[in-house]
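Next come the chains, spelled out residue by residue.
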Amino acid sequence: MKSHLLEFIDTLRNAGLSITAAETMDAVRAVSITGIERAQLREGLAAALVKDEADRPAFIDLFDRYFAVPGRQRGKGERPQPTGESEGHGTGKSGLLPRAEPRPAEQRPEGRGPEERGSEPRQRESPHQRLAEQPRKDGKHEHKKEERGDQLARKRALLQIAFREMSAPEIEECDLLVTELARRFRAHLCRRQRATPHGRLDIRRTIRRSMSTGGIPLEPAFRERQPGRPDLVALCDHSHSVATASRFLLALLAPAHSFFRRVRLFAFVDQPVEISFEAGTLIPHDRLDLYARSDFGKALVAFWDQYQPLLNRNTILLILGDARNNRRPPRADVLARMHTAVRQLVWLNPEPPARWNTGDSVIATYQRHCDALLAASTLRELYAALRQLFRAHRATA
Amino acid sequence: MNRSAEVTPETVHDGLERARYLTTPRVETVLYLALKLEKPLLIEGPAGAGKTEIGKVLAEILHTELIRLQCYEGLDEAKALYEWNYQKQLLRIQADRAQDLAWSEVTQHIFSTEYLLERPLLRAITTPRKVVLLIDEIDKSDEEFEAFLLEVLSDFQVSIPELGTISARHRPAVVLTSNRARELSEALKRRCLYLYLDFPGVDIEREIVSRKVPELDARLHDQIARFVNGLRKLDLRKAPSIAETLDWARALCALGIKELSTTTVRQTLNFVLKHEEDLRKVDNKISSLIGAAARHNV
């Protein structure tokens, strides 16, 4: 039995489940407790070996082949019903007790058909015979292990694709990846929040506090380092070349809104339009003309005119754009005014640095008024830029 | 006294019966295994399927206490393991000031277990008998906490610098629950037995409703179970939990409703669905769901 079990585990591994030696030992111990009664054996092995519900169908399939009921059609083990549907028929007590001796099949009606007859038939069929009958490696299952490796490689590849070169199906795949990244970003912000250092010693409050401990200052009070949570304003260029990058930036920022006091998101091509990001889709509050020609200067002026009150000492202003202005006036003076108004002004450029300042790109003009200019041409760079931005932020508070 | 020797499949089954927790043989087998092998049990599944309940039920089966650690984002060692009761220590120091004590005596006083605030994990380690430790919603905590938890779960021993190392006399039975909001670390999964607890099927849910709300008509039990089952198959923002099904059943009972009809369902559906978008989505499907439920009744 043990060798049979080990072979079974090996087959599971080939099918893509990763099973450690410790889990193998758990499985062996589990079998010694559950016995060989089929339903319990299956659940016992599943509990020890299958740690992801997505792997369960493959496990069931292989289990049915390896511990096939003799006398029935090989390979076509009982199709497992969805949990709860038919297993709910009061098997109750009788289901759990391991059978010490083989029982005739017809005497035990169970929701899923007659059970196997116990240990005797299994001994009759030697393990070698059974192995020879069943295909050791099913082509379908073999691929699953490679699939997993492929998935990781795919994710890595997706992170490296430049936004401008992404095709529509790739964008969809990235959407899933971005939700995962957004979660990690949240966790990162959460850790940051907890570990923020405090400011200078506040003598007055320390002495006040020491009153409760008889005049002995035992718990020092510090000046609050950070003025609560910052405001976040994001201004994203939505012209054709940059729209993908904008979308991903917003998808990354949206779930982290609880770490900021106020979050306002804007998109623009030549006019800023406020947007919300809900359930993965962008909802513009107003009409956004996606076919206009990019005009950063005009957008900046309009933004400054309409939304100036949003920009205060507590605001972090993120601008995502390639700064390709179609030879129109850049209006860097407006950007300068914005810079003095906010706490931090960061520019994310979805073009690779080699292309900056070529053609109609005026990023150098804008750069003078930014606290940071970061390249974000792939998902990896975008995520890294956000991380860097919010790590640096801690120190400057 | 080796507690695990007393656990048999019958005790598990009887315990579940006594606690009125209806479930499948799969769950019974895995529970039994977890107790017998003395391994932690990781239960994943949709919210409201009864994962936390299992912890409570397990405590009843073992006739012991349940220690619960509710995880959340930002939970750290101090809140989970132990903290010194600073205020009490300060008071002690003040009180001792009158007597001119040597430093060693002072530390002996203030660093004793009297001044230690035991949080759930430490309580689970120091109990004089075997308890059930329920770590709820571990997927809400972060990866650092998971790593720390792994350490505790492997040795069940804690080092407090001032007091030394404390080992558990009786390893608690550990149950971890997760709503799959994020993937748990491989190392944690390796250490545990795994159980996926999904919503129950129609039969079990009907049984649950009939046991908890017996005043209703048997046919209504069936209709309710089938209706909710049908709801769960739809793509909703939040599938109804078992508790919500029972709330609905009780509401129908209180309103004296004998049978499901489109109007009665529409009036009471907010007991089952708690999101406006779900209510809207289901609104035009109510009659077909009732029809499907009624069809099985004949």
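Residues numbered from 1 in each chain as written. Chains lettered and ligands numbered in written order. Predicted model: local features only at pLDDT ≥ 70, side-chain atom pairs only at ≥ 80, totals over all residues.

Enquirer: Sorry, what's going on with the overall build of chain A here?
Expert: Within chain A, the regular secondary structure consists of 15 helices and seven strands. Counting the 397 residues in chain A, one finds 30% classified as buried. Contacts in chain A between residues at least 24 apart in sequence constitute 68% of all its contacts with a sequence separation of at least 6. (Helix = DSSP H or I, 4+ residues; strand = E, 2+ residues; numbered from the N terminus. Buried ≥ 20, exposed ≤ 12 C-beta atoms within 10 Å, placed from the backbone. Contact = placed C-beta atoms within 7 Å.)

Enquirer: Please explain the overall build of chain B as it appears in this structure.
Expert: Looking only at helices and strands, chain B features 15 helices and nine strands. Per-residue burial for chain B yields a buried fraction of 38% across its 298 residues. In chain B, 79% of the contacts between residues at least 6 apart in sequence involve partners at least 24 apart.

Enquirer: It is not clear to me how the pairing of strand β1 (residues 41–44) of chain B should be interpreted in this structure. Could you clarify?
Expert: Look at any regular strand and the pattern is simple: side chains alternate between the two faces of the sheet. All names here are of chain B. A two-sided burial pattern is seen for β1, the buried positions comprising Leu41 and Ile43 on one face and Leu42 and Glu44 on the other. Alignment of β1 against strand β8 (residues 173–178), held across four bridges, turns out to be parallel. Bridge assignment links Leu42 to a residue of β8, and that residue is Leu176. Looking at chain direction, β1 and strand β9 (residues 193–196) are connected through four bridges and run parallel. (Pairing = 2+ DSSP bridges.)

Enquirer: Honestly, the sheet that holds strand β2 (residues 66–70) of chain B in this entry has me stumped. Any pointers?
Expert: Whenever strands of a sheet pair, they do so through backbone hydrogen bonds, lying parallel or antiparallel. Residue and element names in this part refer to chain B. Read across the sheet, five strands follow the order β2-β5-β8-β1-β9 without closing on themselves; strand pairing throughout is parallel. Two strands close off the open sheet at either side, each with one partner strand: β2 and β9. Across the sheet, the axes of successive neighbouring strands diverge by a mean angle of 20 degrees, strand direction being ignored. (Axes fitted to C-alpha atoms, helices over the stretch in contact; angles between N-to-C directions.)

Enquirer: Where do I start with helix α2 (residues 21–34) of chain A in this structure?
Expert: Along an α-helix, a turn takes 3.6 residues, which lines up residues three or four apart on a common side. Spanning 14 residues, α2 of chain A covers 20 Å between terminal C-alpha atoms, matching the ideal 20 Å at 1.5 Å per step. All buried positions along α2 of chain A are accounted for by Glu23, Asp26, Ala27, Ala30 and Thr34 of chain A. Looking straight down α2 of chain A, one finds that the buried residues subtend no more than 100 degrees of arc, so they occupy a single side. Along α2 of chain A, exposed side chains directed more than 90 degrees from the buried face belong to Ala21 and Met25 of chain A. Summarising the contacts, the buried residues of α2 of chain A are in contact with α1 (2–14) and α3 (38–49) of chain A together with α2 (25–37) and α9 (186–191) of chain B. Among the residues trailing α2 of chain A, Gly35 of chain A stands out with phi positive, at a value near 80 degrees. (Expected span 1.5 Å × (residues − 1). Arc of directions from axis to C-beta.)

Enquirer: Any chance you could explain the confidence of the model for chain B here in plain terms?
Expert: Parts of the prediction with low pLDDT should not have their coordinates interpreted in detail. Residues and elements named next belong to chain B. Put simply, chain B has an average pLDDT of 87, and 98% of its residues get 70 or more. Mean pLDDT in chain B bottoms out at helix α6 (residues 103–110), which sits at 80, and peaks at strand β5 (residues 132–136), which reaches 95. Below a pLDDT of 50 lies the segment residues 1–5, which in the model reaches four contacts outside its immediate sequence neighbourhood of four places, other chains included. The ipTM for the predicted assembly is 0.82, set against a pTM of 0.63. (pLDDT = per-residue confidence, 0-100.)

Enquirer: What exactly am I supposed to notice about the pairing of strand β6 (residues 344–349) of chain A here?
Expert: All names here are of chain A. Of all six residues making up β6, five are buried, and the element is well covered by its neighbours. Relative to β6, strand β5 (residues 315–320) runs parallel, the two being bridged by five bridges. Bridged to Ile319 within β6 is Trp347. Taken together, β5, helix α13 (residues 332–341) and β6 constitute a β-α-β crossover, and its handedness is right-handed. The pairing of β6 with strand β7 (residues 372–375) spans four bridges and is parallel. Looking across to β7, one finds that Trp347 is bridged to Leu373. (Right-handed = clockwise from strand over helix to strand, strands pointing away.)

Enquirer: Any chance you could explain the nonpolar core here in plain terms?
Expert: Proteins that are soluble and globular tend to have nonpolar side chains buried together. Leu58, Leu193 and Leu195 of chain B are the most contacted members of the largest nonpolar core, which has 98 residues in total. Per-element accounting of this core gives the leading share, seven residues, to α2 of chain B. Judged by nonpolar contacts, the second largest core, of 54 residues, contains Val233, Leu252, Ile275 and Val342 of chain A. (Core = buried A, V, L, I, M, F, W, Y, C linked by C-beta atoms within 7 Å.)

Enquirer: What am I meant to see in α1 of chain A here?
Expert: Residues and elements named next belong to chain A. The terminal C-alpha atoms of α1, which comprises 13 residues, lie 19 Å apart, in line with the 18 Å expected from a rise of 1.5 Å per residue. Residues of α1 that are buried make contact with α2, α3 and α4 (56–66). Once α1 finishes, Gly16 follows within two positions and takes phi at roughly 115 degrees, a positive value.

Enquirer: Sorry if this is basic, but what is going on with the sheet that holds β5 of chain A here?
Expert: All names here are of chain A. With mixed pairing, the seven strands of this open sheet are ordered in space as β4-β3-β2-β1-β5-β6-β7. Where the open sheet ends on each side, the last strands, each with one partner, are β4 (281–284) and β7. When strand polarity is set aside, the average angle formed by the axes of neighbouring strands in this sheet is 25 degrees. Sheet topology places strand β2 (residues 263–268) next to strand β3 (residues 272–278); four bridges connect them, and they run antiparallel. In the sheet register, Phe266 faces β3, and the bridge partner there is Glu274.

Enquirer: Mind showing me how you'd approach the packing of helix α1 (residues 9–18) of chain B against helix α3 (residues 51–61) of chain B here?
Expert: Relative orientation and spacing of two packed helices are given, respectively, by the angle between their axes and the distance between those axes. All names here are of chain B. As a packed pair, α1 and α3 sit with axes 9 Å apart at the nearest point and diverge in direction by 115 degrees. Where α1 crosses over α3, the two elements pack in a sense that is right-handed. Residues Thr11, Val12, Gly15, Leu16 and Arg18 of α1 lie in contact with α3, whose contacting residues are Val57, Glu60 and Ile61. (Left-handed = near helix turned anticlockwise from the far one by under 90°.)

Enquirer: What is the right way to read the environment of Gln223 of chain B from this model?
Expert: All names here are of chain B. Note on placement: Gln223 falls in helix α11 (residues 218–233). Judged by the 24 C-beta atoms lying within 10 Å of it, Gln223 is buried. When the C-alpha positions of Gln223 and Ile290 are compared, they lie 7.7 Å apart, and in sequence the two are 67 residues distant.

Enquirer: I tried to follow the environment of Arg129 of chain B on my own but got confused; where do I start?
Expert: Residues and elements named next belong to chain B. Mapped onto the fold, Arg129 is located in the loop between α7 (120–126) and β5. Spatially, the C-alpha atoms of Arg129 and His170 are 6.0 Å apart, while their sequence positions differ by 41 residues. Apart from the residues within four sequence positions on either side, Arg129 is in contact with Thr64 and His170.

Enquirer: Can you help me understand unusual backbone geometry in this one?
Expert: Only a minority of non-glycine residues have a phi that is not negative, and only a minority of peptide bonds are not trans. In this model, Asn357 of chain A sits at a positive phi of 65 degrees, which is unusual for a non-glycine residue. For Asn357 of chain A, the location among the structural elements is in the loop between β6 and α14 (363–367). Judged by C-beta crowding, with 15 C-beta atoms within 10 Å, Asn357 of chain A ranks as partly exposed. Non-glycine residue Glu38 of chain B carries a positive phi angle of around 55 degrees. Topologically, Glu38 of chain B is positioned in the loop between α2 and β1.

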